[in-house]
Amino acid sequence: LSSSSAASDVYKRQAHTAAYNAVVRAARQLACLGAEVLGISAAFSEGNPDISDHYFHFLDSVRGVASASKALKLPVLSASVQWGLAPGNSSPVVAAAGLLDNQKQLVEPSFKNDGDFICILGSFRGEIEYSEYAKFYHGIKKGRLVPADGDFVSQLNLAILQAAREKVIKSAVDMETGGLYAALIKSAILRDGPPMGCEIYTMRKMRDDALIFGESHSTVLITIEEHKLMDMERIANDFGVACTTVGRVRDHGKLIINDLVKVEMEELKRIRAES
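The structure reproduced in this document is the subject of the present report.

What counts and what doesn't
Residues numbered from 1 in each chain as written. Predicted model: local features only at pLDDT ≥ 70, side-chain atom pairs only at ≥ 80, totals over all residues. Heavy atoms only, no water. Helix = DSSP H or I, 4+ residues; strand = E, 2+ residues; numbered from the N terminus. Rg over C-alpha atoms; globule rule 2.2 N^0.38 Å. Buried < 20%, exposed > 50% of the residue type's maximum accessible area, 1.4 Å probe, protein only. Areas by Shrake-Rupley, 256 points an atom, 1.4 Å probe, with all protein chains shown as cover. Lys, Arg positive; Asp, Glu negative; His and termini not counted. Charge placed at Lys NZ, Arg CZ, Asp CG, Glu CD. Core = buried A, V, L, I, M, F, W, Y, C linked by side-chain atoms within 4.5 Å. Contact = heavy atoms within 4.5 Å. Axes fitted to C-alpha atoms, helices over the stretch in contact; angles between N-to-C directions. Parallel < 35°, antiparallel > 145°, perpendicular 65-115°, else oblique. Nonpolar A, V, L, I, M, F, W, Y, C, P; charged D, E, K, R; others polar. Phe/Tyr/Trp six-rings, centres within 6.5 Å; stacked < 30°, edge-to-face > 60°. Pairing = 2+ DSSP bridges.

Summing up its helical and strand segments, the protein has eight helices and eleven strands in all. Taken against the 2.2 N^0.38 rule, which gives 19 Å for 275 residues, the C-alpha radius of gyration of the protein at 19 Å falls within 12% of a compact globule. Expressed along its principal axes, the backbone C-alpha trace of the protein runs to roughly 60 × 40 × 35 Å. The buried share among the 275 residues of the protein stands at 51%. Surface accessibility of the protein: about 12900 Å² in total, with carbon and sulfur atoms responsible for 53%. Side chains of the protein carry 31 positive and 34 negative charges; the gap between the two charge centres is 1 Å.

The subject of this paragraph is the nonpolar core. Of all hydrophobic cores here, the largest spans 26 residues; its most connected members are Phe111, Ile118, Tyr181, Leu184, Leu221, Leu255 and Ile257. If you list the elements that add at least two residues to this core, you get β5 (117–122), α5 (179–189), β7 (197–200), α6 (208–213), β9 (243–250), β10 (254–257) and α8 (265–274). Leaving out residues up to four positions away in the same chain, Leu255 has contacts with Tyr181, Leu184, Ile185, Cys198, Val261, Lys262, Val263 and Met265. Ranked by size, the runner-up nonpolar core spans 25 residues in total, among them Val24, Leu30, Leu74 and Val94.

The interhelical angle for the contact between helix α1 (residues 15–31) and helix α4 (residues 150–165), taken along N-to-C directions, is 10°, at an axis separation of 9 Å. Relative to α4, the element α1 lies roughly parallel. Residue-level contacts link Tyr20, Val24, Ala27, Arg28 and Ala31 of α1 to Gly150, Val153, Leu156, Asn157 and Ile160 of α4. Classifying every residue of the contact of α1 with α4 gives seven nonpolar, two polar and one charged.

On to the packing of aromatic side chains, then. Tallying each qualifying case throughout the model produces four aromatic pairs. Taking 5.5 Å as the distance between ring centres and 85° as the angle between the ring planes, the aromatic pair formed by Phe44 and Phe58 counts as edge-to-face. Here Phe44, found in strand β2 (residues 36–45), pairs with Phe58, found in helix α2 (residues 52–72); they are 14 residues apart in sequence, far enough to count as distant. Of the two residues examined, Phe44 and Phe58, each falls in the buried class. Between Tyr55 and Phe56 the ring centres are 5.6 Å apart and the planes differ by 75°, which places this aromatic pair in the edge-to-face class. On the basis of relative accessibility, which here comes to 34%, the residue Tyr55 falls in the partly exposed class. An aromatic cluster is present here, built from Phe44, Phe58 and Trp83 joined pairwise through their rings.

One open sheet holds the seven strands; their spatial order is β6-β8-β5-β9-β7-β10-β11, and the pairing between them is mixed. Strands with a single pairing partner mark the edges of an open sheet, and in this sheet they are β6 (171–174) and β11 (261–264). The average angle at which neighbouring strand axes cross in this sheet is 20°, direction not considered. As defined by bridge partners, β10 adjoins β11 across four bridges and the pair is classed as antiparallel. Bridge pairing links Lys254 to Glu264 in β11. Together, β5, β6, β7, β8 (219–224), β10 and β11 form the strand contacts of α5, whose direction differs from that of β10 by roughly 155°.

Set out below in structure tokens:
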């Protein structure tokens, strides 16, 4: 079971896109565990239905959930609405339910072994508008929500599921929140024992901040063993999903991205524990 919510500061604006993206995000996060996504549930928290802005925000949110579930080919298992809340609450909150064929199919988020290849599965464009980077570093808390591509994410989820069933993927992390940097940190420290390291070398033609912190709806960071690269490329090709190798897992405890970033994972782990 996974859940996600619409962005809180888009109340009365972009409600359809926010709800659509919340459904896509919940389904993708569950798929990253190697589970087959079976359906979604939505809980709407809305204002006063007698106020037109609040009522039409609710309608747009419902339409966003319906559009996303149709694109992902997922049934809406349940839905609820609570009226009378203050404008600005995140709505809707979406949960996705899924099924693992067996425990061995579970894909964990953490790096596993030195030398494993790090790949980006999906379409990485490095969008920074409305990103965590834009909000916290530049203080830009308003922007245009980028709509997810539900049809593409449906194929992406199926590719991850097939790779999990064939035991090709060793780890998988959603890259939407925080971009490549956050996904690498999660993969390195969400494990028992000392954090792993990684070396990323990519020649993507985009701004440095977009490469490191850009957020795309349709991207997942995965690791695979070298001899499984051909298998992963076959699966990605079968589902029409790009698979790009960007680096390797290393057991030196450092996060290295081109010549832009070089930090100690233990320090990042300490900061995370204190926050």
